[in-house]
Amino acid sequence: MTEPQWLEAWTAEDGARRVDELFTRSFDGSPEGVWSAPGRVNLIGEHTDYNAGLCLPTALPHRTFIALRPREDDQVRLVSAQAEGVWEARLSDIAPGAVQGWGAYVAGVAWALAEAGHKVGGFDAAVDSCVPFGAGLSSSAALEAAAAVALDAVAGLGLAASDAGRAELVEASRRAENEIAGAPTGGLDQSASLRCREGHALLLDFRPGLKPLESGVPVPFDLATADLTLLVVDTKAEHSHVSGEYGARRAACEQAAQLLGLGSLREIAPTLGGIGIDRALTELEPHDPDGVLRRRVRHVVSEIDRTARFADLVREGRAADVGPFMLASHASLRDDYEVSCRELDLVVDSAMAAGALGARMTGGGFGGSAIALVRLSDVDTVAQAVAGAFADAGLTAPAFLLAPPSAPAA
Ligand code: ADP
Ligand code: MG
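Remember, predicted model here, so these are calculated numbers, not experimental data. (Residues numbered from 1 in each chain as written. Chains lettered and ligands numbered in written order. Predicted model: local features only at pLDDT ≥ 70, side-chain atom pairs only at ≥ 80, totals over all residues. Heavy atoms only, no water.)

S.K.: When you look at helix 12 (residues 379-392) in this model, what are you seeing that I'm missing?
M.R.: Here helix 12 is 14 residues long and its end C-alpha atoms lie 20 Å apart, about the 20 Å a rise of 1.5 Å per residue gives. All of the buried residues in helix 12 are Val 379, Val 382, Ala 383, Val 386, Ala 387, Gly 388, Ala 389 and Phe 390. The inward-facing, buried residues of helix 12 abut strand 1 (5-6), strand 10 (228-238), helix 11 (342-353), strand 12 (367-375) and strand 13 (399-402). Gly 394, located one to two residues past helix 12, shows a positive phi value of around 75°. (Helix = DSSP H or I, 4+ residues; strand = E, 2+ residues; numbered from the N terminus. Expected span 1.5 Å × (residues − 1). Buried < 20%, exposed > 50% of the residue type's maximum accessible area, 1.4 Å probe, protein only. Contact = heavy atoms within 4.5 Å.)

S.K.: What is the right way to read the sheet that holds strand 3 (residues 54-55) from this model?
M.R.: Working definition: the strands of a sheet are paired by backbone hydrogen bonds and lie parallel or antiparallel to each other. Taken in spatial order, the 3 strands make up an open sheet running 3-8-9, and their pairing is antiparallel. Among the strands making up the open sheet, the edge pair consists of strand 3 and strand 9 (216-220). In the sheet, strand 8 (residues 200-205) pairs with strand 9 via 5 bridges, with the strands oriented antiparallel. From the neighbouring strand, Leu 202 faces strand 9, where its bridge partner is Pro 218. (Pairing = 2+ DSSP bridges.)

S.K.: What am I meant to see in the UniProt feature "domain: GHMP kinase N-terminal" (unreviewed entry) in the protein here?
M.R.: Per the UniProt record, the feature "domain: GHMP kinase N-terminal" (unreviewed entry) sits at residues 105-194. Annotation note: span residues 105-194, helix share 58%, strand share 8%, distance between end C-alpha atoms 15 Å. (UniProt positions renumbered as here; feature names shortened; annotations may be inferred.)

S.K.: What is the right way to read the packing of aromatic side chains from this model?
M.R.: The description of an aromatic ring pair uses the distance of the two centres, along with the angle that the planes make with each other. For the structure shown, the criterion picks out 4 aromatic pairs. For the pair Trp 6 and Phe 400, a centre-to-centre distance of 5.7 Å together with 50° between the ring planes defines the contact as tilted. You can see Trp 6 sitting in strand 1 and its partner Phe 400 sitting in strand 13, a full 394 residues away along the chain. On the accessibility criterion, Trp 6 (31% relative accessible area) is partly exposed. According to the relative accessible area criterion, Phe 400 is buried, its value standing at 0%. The positively charged end of Arg 18 is found above the aromatic ring belonging to Trp 10, 3.8 Å away from the centroid. In this structure, Arg 249 packs its charged tip against the face of Tyr 337, placed 6.0 Å from the ring centre. (Phe/Tyr/Trp six-rings, centres within 6.5 Å; stacked < 30°, edge-to-face > 60°. Lys NZ or Arg CZ within 6 Å of the ring centre and 35° of its normal.)

S.K.: I'm lost on the layout of surface pockets in this one. Help?
M.R.: Any space left empty among the atoms is revealed by the rolling of a water-sized probe across them. There is about 1,100 Å³ of room inside the largest pocket. Gly 134, Gly 136, Ser 140, Glu 177 and Thr 185 are the residues nearest the centre of the largest pocket, which is lined by 45 residues in total. Going through the elements one at a time, strand 7 (123-129), helix 3 (139-154), helix 5 (188-195), strand 10, helix 7 (242-259) and strand 12 are the ones with two or more residues in the lining of the largest pocket. Per-element accounting of the lining of the largest pocket gives the leading share, 4 residues, to helix 7. In the lining of the largest pocket, the residues fall into 18 nonpolar, 20 polar and 7 charged. The computed volume of the second largest pocket comes to approximately 590 Å³. Lining the second largest pocket are 31 residues, and of these Gly 186, Asp 205, Phe 206, Arg 207 and Pro 208 sit closest to its centre. Elements supplying a minimum of two residues to the lining of the second largest pocket: helix 4 (163-180), helix 5, strand 8, helix 6 (212-215) and helix 7. (1 Å grid on protein atoms, 1.4 Å probe; cavity = no way out; pocket = protein on both sides within 12 Å on 5 of 7 lines; lining within 4 Å. Points joined across faces, edges and corners; volume = space filled by probe spheres on them. Nonpolar A, V, L, I, M, F, W, Y, C, P; charged D, E, K, R; others polar.)

S.K.: Even after reading the chapter, I still don't get the site of ligand 1, so can you show me in this structure?
M.R.: Lining the immediate surroundings of ligand 1 are 16 residues, of which Ser 80, Gln 82, Gly 134, Ser 139 and Ser 140 lie closest. Between ligand 1 and Ser 139, the relevant distance is 2.6 Å, taken from an oxygen atom to a side-chain nitrogen or oxygen of the residue. Relative to its unbound accessible area of 570 Å², ligand 1 is 79% covered by the protein chains. The site holding ligand 1 turns out to be the largest pocket. The set of elements that each furnish at least two residues to the shell around ligand 1 consists of strand 7 and helix 3. Element by element, the count of residues in the shell around ligand 1 is highest for helix 3, at 3 residues. Per-class residue counts for the shell around ligand 1 are 8 nonpolar, 8 polar and no charged. (Near = heavy atom within 4 Å. Polar contact = N/O pair within 3.5 Å; in protein donor to acceptor, adjacent residues only side chain to side chain. Areas by Shrake-Rupley, 256 points an atom, 1.4 Å probe, with all protein chains shown as cover. Sits in = over half its atoms within 2 Å of the grid points.)

Structure (structure tokens):
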């Protein structure tokens with residue numbers, strides 16, 4: 001039997017001790033404080049954020065910790081337990097395309113806050129994390145969000161104190177990732193890390209112009225009292241061309257919306273006065289000889305609908321009934337959006353065969369992680385079945401995380 005490898009979340013004390021020690025070892029004296037932010041997992045609503053759609057993430061118990069101290073000058077010095085050496089730059093030199101390396105995610109947040117008119121100076125900071133990198137669990141957003149709440153506190157901005165202020169921190173973190181780190185992601189990850197609540201999922205609506213209260217609605221998602229848990233499987237699979245494929249999917253969505261004369265694919269929804277999916281597909285047909293555009297559109301529109309219905313069920317306390325939506329989401333991502341891969345399909349198939357209530361890939365795809373909704377009593381059975389299936393297939397052993405909906409950046 002293949003024993004599953006579990007990736008435990010650090011306690012708050014453990015994380016704080018680690019970054020405090022790293023800070024003290026790397027710079028003179030002590031940090032002004034320690035902050036942290038979670039990775040995230042998306043329950044449903046994949047590739048919908050850049051289509052003005054709906055997503056439903058929860059925060060992981062796994063967090064990135066940052067110990068930070070402001071400086072008198074505009075220098076930024078960063079160390080990470082996950083990276084070599086010291087990353088250094090002057091704040092005044094930070095601009096789109098001007099900096100390389102992991103520090104762009106942190107310094108980029110300071111740059112974006114300054115761009116938004118806030119007064120932010122230089123700082124020294126130490127980072128450590130139990131969020132796996134590149135696993136589709138948003139270690140990048142956890143890093144940005146940890147930096148955002150730390151800078152908010154030391155600069156006395158007070159943004160983290162309200163949901164509306166947190167929406168501003170989301171925007172700064174997103175701009176850091178898009179414009180300074182150069183990764184074209186849609187805002188889901190940063191919203192989840194900064195705005196999720198413990199015991200809740202966060203129903204995100206990416207229609208432009210919504211107020212914070214409408215753009216992010218907490219939905220109670222109490223798994224434990226339903227004897228359920230969320231199992232996350234990091235497949236460790238990393239396929240090449242991921243960012244190129246992501247760009248191609250985004251471009252296809254934009255092209256389809258343009259052909260339909262819409263601002264976004266979200267506007268196809270009849271509930272928003274749109275023409276509905278059937279007519280949209282008919283109108284696209286003459287422009288779409290190989291059917292690729294229509295498959296992409298069908299995924300996006302059906303996924304937004306599934307996300308709304310999934311959230312309704314959760315709101316009604318019927319978390320045990322969401323399994324079919326997870327499976328339909330996975331099939332749509334696999335067959336219509338074509339972003340799954342062998343490893344993600346194997347998690348879904350082997351978890352379902354071992355008694356999971358639902359399972360799907362999560363995150364952008366082509367590797368990364370999958371999730372399974374599992375009865376507490378079945379966790380070990382399901383994890384062993386998935387680990388065994390990977391071993392039988394000769395694949396790298398995956399890592400398993402338990403993911404009760406956890407607290408946001410603080
Ligand atoms: P994901 O967000 O899915 O984990 P990304 O590729 O978006 O994957 O982000 C991973 C990148 O974020 C890393 O390559 C690194 O540059 C940066 N990063 C995240 N966490 C840390 C950390 N603790 N220390 C240093 N860099 C980090
Ligand atoms: Mg990321």
